[in-house]
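Topology and contacts: notes
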Number of protein chains: 2
Amino acid sequence: MRFTSEQRLDDGVLERGFTLDGIPGLLWTPASAPAPLILLGHPGGLDKMYPRLVARARHAAAAGFAAATIELPGAGERPRSAAAEQAGADLRRALEAGGPVDDEIVDRLVLPLVDRSVPEWRAALDALLALPGISGPVGYAGGVISIGIRLAVVEPRISAALLFAGSFVPRALFEEARQVTIPLLVLLQWDDQGNDRRMALDLFDAFGSAEKTLHANMGGHTGVPAFEGDDGNRFFVRHLK
Amino acid sequence: MRFTSEQRLDDGVLERGFTLDGIPGLLWTPASAPAPLILLGHPGGLDKMYPRLVARARHAAAAGFAAATIELPGAGERPRSAAAEQAGADLRRALEAGGPVDDEIVDRLVLPLVDRSVPEWRAALDALLALPGISGPVGYAGGVISIGIRLAVVEPRISAALLFAGSFVPRALFEEARQVTIPLLVLLQWDDQGNDRRMALDLFDAFGSAEKTLHANMGGHTGVPAFEGDDGNRFFVRHLK
């Protein structure tokens, strides 16, 4: 891991850019140390997602958490994959035609992303936990929900996950969801026009965790209410502190 | 309204029993005054429900709210209705037979209860708001959800409602739910064996409120997690304070 930039935000949070094996990432640490870590998932494109990521990181820091994120394969500055680009285009075409979306397109779009991204998040976790000031327990928060599902199953250092049900989930990941046992908070935007709500509710049902909570709100895909951020912090305080 | 008993609880909350036109009720007031009021709904039987009601009332009082409840028609010490008893027996028989439950049974059980109970809650509100130390805004929290739906539609002094989706709802109340516009927090016990989950989710969808949130948890019908109580308080602090 190599730090590439550093700035102190006005609430005392230290923001550092880094690269890990060529993958760009961001790390936010509060003044209080050591701080448990929350990995912030996102749909790809750190520049585009930065305003939302830094807001979530600062909100987590206010509750005493460090937060970190890495770029997704094929997103932002990272090289594109022709197969992934094709799958994305096919998904958009299916949605514009009014759907439904073939399982085959979802598999082509999401399965390779999960297979490539999850080992990268785990390697980032190795490097981050080696830093002074960063400790476990570790939480995961955000989309792409399929990455979160796979991480929750394979990464034992993740103790709790806050998942955003806003993207298509391959059938195989549905089955993996049954193996998830850590405490979960699942967010669903009830009136998200681009989402399959029935599928999101079925996915919540499939999770194997004894403690799982679904929070459904109105507001469209990006309109998660501000009070949900407080609920998320309280979820992580319950499980990571 | 006539007060019939009084005791000071160990956290400083004053608990008073009262009767209003022969209907028994309970009122809890915190030391801080004036306090906004939360009406606590319940499925009937104040003696049986007392431990849960006093726990909710004390939790609300810790956040600065007064809380009050009245007995439901045909429950506790109140005279039974032969028609209601018959409908309850028919519902139990249908459930024991493995369901499904005819709309007709649900209508016979719930519609008269709502028609009788809602004016009683409104009369209680008249009397309670006349007391020194009790103020608006007013919230409603708890079951029976059909009573909450009707109250939310007809009682303008109720500003926010926390509804527990754990009972059968007549089709007519579904339609009334579309007229609800106040902020809502709906609780659903996902693994409640005695509940129709699909119906509860459809009901959430039917509510007309622009701001509505669903919290689904595991734990069976009575196993609402403790942290949900905090979420409920935060919901009422947002809307009543």
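Quick caveat, the model's predicted, so the values are computed rather than measured.

Conventions adopted
Residues numbered from 1 in each chain as written. Chains lettered and ligands numbered in written order. Predicted model: local features only at pLDDT ≥ 70, side-chain atom pairs only at ≥ 80, totals over all residues. Heavy atoms only, no water. Axes fitted to C-alpha atoms, helices over the stretch in contact; angles between N-to-C directions. Helix = DSSP H or I, 4+ residues; strand = E, 2+ residues; numbered from the N terminus. Parallel < 35°, antiparallel > 145°, perpendicular 65-115°, else oblique. Left-handed = near helix turned anticlockwise from the far one by under 90°. Contact = heavy atoms within 4.5 Å. Nonpolar A, V, L, I, M, F, W, Y, C, P; charged D, E, K, R; others polar. Least-squares fit on C-alpha atoms with pLDDT ≥ 70 in both. Buried < 20%, exposed > 50% of the residue type's maximum accessible area, 1.4 Å probe, protein only. Buried area = accessible area lost by both parts, 1.4 Å probe. Salt bridge = Lys/Arg side-chain N within 4 Å of Asp/Glu carboxyl O. Polar contact = N/O pair within 3.5 Å; in protein donor to acceptor, adjacent residues only side chain to side chain. Phe/Tyr/Trp six-rings, centres within 6.5 Å; stacked < 30°, edge-to-face > 60°. Lys NZ or Arg CZ within 6 Å of the ring centre and 35° of its normal.

1. Structural notes on the packing of helix H2 (residues 82–96) of chain B against helix H3 (residues 103–129) of chain B
Residue and element names in this part refer to chain B.
- Two elements in contact, H2 and H3, have axes whose closest approach is 9 Å; the angle formed by their N-to-C orientations is 140 degrees. With respect to H3, the axis of H2 lies oblique. As for the relative orientation of H2 and H3, their crossing is left-handed in sense. Packed against H2, whose contacting residues are Ala-84, Gln-86, Ala-87, Gly-88, Asp-90, Leu-91 and Ala-94, the element H3 presents Ile-105, Arg-108 and Leu-109 at the interface.
- Taken together, the residues that form the contact of H2 with H3 break down as six nonpolar, two polar and two charged.

2. Structural notes on the relation of the copies chain B and chain A
- It takes a turn of 180 degrees to lay chain B on chain A, together with a shift of 0.0 Å along the axis; the resulting RMSD is 0.0 Å. The operation mapping one copy onto its partner corresponds to a two-fold rotation axis. Among all residues of chain B, the minimum C-alpha distance to the rotation axis is found for His-215 of chain B, at 2.4 Å.
- Looking at the interface residues of chain B, 100% of them are also at the interface in chain A, so both copies use one shared face.

3. Some remarks on the environment of Lys-48 of chain B
All names here are of chain B.
- By the secondary structure assignment, Lys-48 is in helix H1 (residues 46–62).
- Given the relative accessible area of 59%, Lys-48 is considered exposed.
- As a C-alpha pair, Lys-48 and Arg-178 span 130 residues in sequence and 33 Å in three-dimensional space.

4. A word on the interface of chain B and chain A
- Between chain B and chain A, the residue contacts involve 21 residues of the former and 21 residues of the latter.
- Note on chain B versus chain A: buried area summed over both sides is about 1800 Å², and carbon and sulfur give 55% of it.
- By the criterion of area lost to chain A, the three top residues of chain B are Trp-190, Phe-227 and Arg-234 of chain B, representing 29% of everything that side buries.
- Joining chain B to chain A, the criterion identifies five salt bridges.
- When the shortest N-O distance is used, the salt bridge between Arg-234 of chain B and Asp-230 of chain A registers 4.0 Å.
- Here chain B is connected to chain A by eleven residue pairs in polar contact (both at pLDDT 80 or more).

5. Regarding the environment of Arg-93 of chain A
- Secondary-structure assignment places Arg-93 of chain A in helix H2 (residues 82–96).
- Each C-alpha atom of the pair Arg-93 of chain A and Val-186 of chain A lies 28 Å from the other, and the pair is 93 residues apart in sequence.

6. Focus on the packing of aromatic side chains
- Inspection of the entire model under this criterion finds eight aromatic pairs over all chains.
- Measuring from centroid to centroid gives 4.8 Å for Phe-204 of chain A and Trp-190 of chain B, while their planes differ by 90 degrees, and the two rings are edge-to-face. Residue Phe-204 of chain A is located in helix H6 (residues 197–206), and its partner Trp-190 of chain B is located in the loop between strand E8 (184–189) and helix H6 (197–206); the two belong to separate chains. In terms of burial, Phe-204 of chain A and Trp-190 of chain B fall into one category: buried.
- Ring geometry for Phe-65 of chain B against Phe-236 of chain B: centres 6.4 Å apart, planes inclined by 70 degrees, an arrangement best described as edge-to-face. Here Phe-65 of chain B, found in the loop between H1 and strand E5 (66–70), pairs with Phe-236 of chain B, found in helix H7 (residues 226–240); they are 171 residues apart in sequence, far enough to count as distant.
- For Phe-65 of chain B, a relative accessible area of 0% corresponds to the buried category.
- Taken together, the ring pairs connect Phe-65, Phe-235 and Phe-236 of chain A into an aromatic cluster.
- When the ring centre of Phe-227 of chain A is taken as origin, the NZ or CZ atom of Arg-238 of chain B, which lies over that ring, is 3.7 Å away.

Any link to function would need more than the numbers given here.
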